[in-house]
2 protein chains.
Amino acid sequence: MRPREFNHDDVLRIAFDQFWRKGVRGTSLSDIARDAGVQRGSLYNAFGSKEALFLLAYERYAGDYLIALQKALGTGSLRKRLTAFFDSTITNFRSGSPPRGCPTTRGLMELGAAEGEGLDEDARQAFANLISRITALVQDALSAGAKRGEFSGNPAAAALHIITVTRGLAVIERAFDDEPQLRKIAAHTIDLVLDKMGR
Amino acid sequence: MRPREFNHDDVLRIAFDQFWRKGVRGTSLSDIARDAGVQRGSLYNAFGSKEALFLLAYERYAGDYLIALQKALGTGSLRKRLTAFFDSTITNFRSGSPPRGCPTTRGLMELGAAEGEGLDEDARQAFANLISRITALVQDALSAGAKRGEFSGNPAAAALHIITVTRGLAVIERAFDDEPQLRKIAAHTIDLVLDKMGR
DNA sequence: GCATGTTTTTGACACCGTGTCAAATATACC
DNA sequence: GGTATATTTGACACGGTGTCAAAAACATGC
């Protein structure tokens with residue numbers, strides 16, 4: 001057995017950085033190979049395809065991101081938690097220079113581009129999965145808030161609404177490059193959700 | 001002068017149909033040329049580049065779409081108008097089979113994929129412009145509603161919130177392919193906006 | 001220590017995409 | 001009818017994905 005000359009995880013990290021900055025379609029395996037100091041053929045040998053490589057790299061990101069959101073949603077009043085949640089979300093979109101946007105949203109929009117081409121069903125599953133898990137986190141926070149009398153609406157519906165807004169923010173971010181606006185929308189959403197019922 | 005052998009507008013229509021179904025990156029000029037019965041080189045001669053062709057085709061779409069939304073927002077109570085607005089939006093996302101999603105959102109997410117590559121600044125402007133104009137339409141409807149006592153909040157902030165939700169719906173649509181869910185979120189948003197203040 | 005087997009690496013290839021260019025072509029106008 | 005001008009056409013350069021066989025590097029057994 002000839003030993004592998006590169007570190008699996010290093011390559012995933014380097015690859016996701018490029019995918020995030022330039023999109024999946026906009027990143028070539030040559031780019032990644034150059035950055036990682038690996039031959040392009042070695043990547044095919046190790047991962048099979050660009051999409052498979054992306055999926056592995058994305059799972060890595062998704063795990064880290066979920067943990068960060070969990071932390072943000074963990075302490076304080078419901079209002080504080082939601083504020084921290086939106087804050088983490090926007091900070092994530094706006095990281096890098098120029099800002100890299102939301103990998104999940106950008107990935108989702110590349111789906112089914114050409115007939116069999118582009119990211120396929122596995123990728124859609126991965127994106128949908130992260131969104132579902134984030135929704136569950138928010139719903140839990142709202143349910144906990146409801147128990148403490150900080151909120152009296154339907155946690156499921158409110159969580160879905162909040163998640164939809166975060167997805168919308170990811171789009172608005174690409175359109176206008178106006179971070180204060182994003183934060184204003186987030187604040188307004190929190191007001192809307194918390195002021196409607198209970199509080 | 002040798003006369004052009006194809007109809008400009010026909011090609012734009014055919015091209016946008018493909019862009020919408022398969023995304024800008026996922027559509028090749030060969031595809032469009034085949035569909036339109038035109039030589040690929042002729043398209044380069046007539047439009048300059050894929051991006052320029054897309055921009056023309058998109059402007060066509062944007063104009064038609066704005067008119068449709070204007071009509072939806074034109075009559076009835078504020079609640080009825082907003083309902084019709086979300087309805088038009090979702091119907092647009094869900095048109096075609098499989099559903100084609102939102103061209104603006106999908107286009108926005110392809111921006112800045114590779115360094116100088118991908119859709120460039122002109123496209124971003126076009127996307128942002130349509131979003132801005134739609135926002136203005138919604139804001140006008142809210143302002144009118146405010147005058148008639150159907151709404152007592154801040155029209156600008158509420159319009160921005162509603163637009164953000166529609167962008168979020170475009171993302172959720174790609175993730176879950178669940179139209180009833182989209183309509184539920186839309187209804188919930190209307191409730192949230194109209195129940196908060198006034199009404 | 002050396003031969004063997006297995007995996008990784010490497011480079012060549014086929015194919016498809018964009019965009020450019022010069023040559024051929026078809027018309028309008030004089 | 002000849003000429004100018006714009007369009008069409010086909011060849012080309014370049015870069016992307018993915019495949020494949022040959023070369024290379026190590027682990028193992030003798």
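Everything below is about the structure shown above.
Given the structure is predicted, the values throughout are model-derived calculations rather than measurements. (Residues numbered from 1 in each chain as written. Chains lettered and ligands numbered in written order. Predicted model: local features only at pLDDT ≥ 70, side-chain atom pairs only at ≥ 80, totals over all residues. Heavy atoms only, no water.)

Colleague: Quick question: what am I supposed to make of the overall build of chain A here?
Modeller: Tallying secondary structure elements over chain A gives nine helices and zero strands in all. Scanning chain A from its N terminus toward the C terminus, one meets helices and strands in the order α-α-α-α-α-α-α-α-α. Taking the principal axes of its C-alpha atoms as reference, chain A extends roughly 65 × 35 × 30 Å. Expressed as a percentage of its 199 residues, the buried residues of chain A come to 52%. Counted over contacts in chain A with a minimum sequence separation of 6, partners at least 24 positions apart contribute 70%. For chain A, the accessible surface area stands at approximately 8800 Å², while carbon and sulfur atoms represent 48% of it. (Helix = DSSP H or I, 4+ residues; strand = E, 2+ residues; numbered from the N terminus. Buried < 20%, exposed > 50% of the residue type's maximum accessible area, 1.4 Å probe, protein only. Contact = heavy atoms within 4.5 Å. Areas by Shrake-Rupley, 256 points an atom, 1.4 Å probe, with all protein chains shown as cover.)

Colleague: Honestly, the state of the cysteines in this entry has me stumped. Any pointers?
Modeller: Here a disulfide denotes one covalent bond, and it connects the sulfur atoms of two cysteines. For the structure shown, the criterion picks out zero disulfides over all chains. Between C102(A), a free cysteine, and C102(B), which holds the nearest cysteine sulfur, the sulfur-to-sulfur gap is 16 Å. C102(A) sits in the buried class, given a relative accessible area of 2%. (Disulfide = S-S within 2.5 Å.)

Colleague: I'm lost on the side chain of R94(A) in this one. Help?
Modeller: Residues and elements named next belong to chain A. Inspection of the secondary structure assignment puts R94 in the loop between helix 5 (78–93) and helix 6 (103–110). Of the polar contacts made by the side chain of R94, one reaches the side chain of D177; its length is 3.0 Å. When neighbours within four sequence positions are excluded, R94 is seen to be in contact with P99, E173, D177, E179 and L182. (Polar contact = N/O pair within 3.5 Å; in protein donor to acceptor, adjacent residues only side chain to side chain.)

Colleague: Would you mind going over the environment of S132(A) with me for this structure?
Modeller: Residue and element names in this part refer to chain A. When you line up the elements, S132 lands in helix 7 (residues 121–147). Overall, S132 belongs to the partly exposed group, its relative accessible area being 34%. Residues S132 and V11, 121 residues apart in the sequence, show an inter-C-alpha distance of 28 Å.

Colleague: Explain the relation of the copies chain A and chain B to me, please; I cannot follow it from the model alone.
Modeller: Note on the chain copies: they are related by a rotation about an axis and a translation along it. Overlaying chain A with chain B gives an RMSD of 0.1 Å, the required rotation being 180° about an axis along which the chain moves by 0.0 Å. Look at the turn and shift together and you get a two-fold axis relating the two. Scanning chain A for the C-alpha nearest the rotation axis identifies G168(A), at a separation of 1.8 Å. Of all interface residues in chain A, 100% are interface residues in chain B too; the two copies therefore contact each other through one and the same surface. (Least-squares fit on C-alpha atoms with pLDDT ≥ 70 in both.)

Colleague: How do you make sense of the interface of chain A and chain B when you look at a structure like this?
Modeller: It is common to give the size of an interface as the accessible area lost on bringing the parts into contact. Counting residues at the interface gives 43 residues for chain A and 43 residues for chain B. Buried area between chain A and chain B, summed over both chains or domains, comes out near 3700 Å², and the portion from carbon and sulfur atoms is 71%. Summed over the shared surface of chain A and chain B, the number is zero salt bridges. The tally of links from chain A across to chain B stands at four residue pairs in polar contact (both at pLDDT 80 or more). Breaking the side of chain A that touches chain B down by element, the ones donating at least two residues are helix 1 (8–22), helix 6, helix 7, helix 8 (155–176) and helix 9 (179–196) of chain A. Ranked by residue count, the leading element in the side of chain A that touches chain B is helix 8 of chain A, at 16 residues. Residues that form the side of chain A that touches chain B fall into these classes: 21 nonpolar, 11 polar and 11 charged. (Buried area = accessible area lost by both parts, 1.4 Å probe. Salt bridge = Lys/Arg side-chain N within 4 Å of Asp/Glu carboxyl O. Nonpolar A, V, L, I, M, F, W, Y, C, P; charged D, E, K, R; others polar.)

Colleague: Explanation requested: the protein's contact with DNA strand D in the structure shown.
Modeller: Close to DNA strand D lie 20 residues; R40(A), Y44(A), M1(B), R4(B) and E5(B) are nearest. Of everything in DNA strand D that lies within 4 Å of the protein, sugar and phosphate atoms constitute 69%. Separating a base nitrogen of DNA strand D from a side-chain N or O atom of R2(A) is a distance of 3.1 Å. R40(A) has a polar side-chain atom sitting 2.8 Å from a base oxygen of DNA strand D. Breaking the surface near DNA strand D down by element, the ones donating at least two residues are helix 2 (29–36) and helix 3 (40–47) of chain A together with helix 3 (40–47) of chain B. The element contributing the most residues to the surface near DNA strand D is helix 3 of chain B, with three residues. Split into classes, the residues belonging to the surface near DNA strand D amount to seven nonpolar, seven polar and six charged. (Near = heavy atom within 4 Å.)

Colleague: Help me understand the protein's contact with DNA strand C, please; the structure alone is not making it clear to me.
Modeller: Contacts to DNA strand C come from 20 residues, most closely from M1(A), E5(A), R2(B), R40(B) and Y44(B). Here DNA strand C approaches the protein such that, of its atoms within 4 Å, sugar and phosphate make up 69%. With respect to DNA strand C, the side chain of R40(B) contributes an N or O atom lying 2.8 Å from a base oxygen. Counting residues per element, the ones that place at least two in the surface near DNA strand C are helix 3 of chain A together with helix 2 (29–36) and helix 3 of chain B. Top element by residues in the surface near DNA strand C is helix 3 of chain A. It accounts for three residues. Class assignment of the residues belonging to the surface near DNA strand C gives a composition of seven nonpolar, seven polar and six charged.

Colleague: Honestly, the packing of aromatic side chains in this entry has me stumped. Any pointers?
Modeller: Any two aromatic rings considered together are summarised by their centre-to-centre distance and by the angle between their planes. Residues and elements named next belong to chain A. Enumeration according to the criterion identifies 24 aromatic pairs over all chains in this entry. Ring geometry for Y58 against Y61: centres 5.7 Å apart, planes inclined by 45°, an arrangement best described as tilted. Placement of both Y58 and Y61 in helix 4 (residues 50–72) is noted, with a separation of three residues, approximately one turn of the helix. The exposure class assigned to Y58 is buried, which follows from its relative accessible area of 1%. Linked through ring pairs, F16, F19, W20, F54, Y58, Y61, Y65 and F127 together constitute an aromatic cluster. Residue placement shows R100 over the ring face of W20; its charged tip is 3.7 Å from the ring centre. (Phe/Tyr/Trp six-rings, centres within 6.5 Å; stacked < 30°, edge-to-face > 60°. Lys NZ or Arg CZ within 6 Å of the ring centre and 35° of its normal.)

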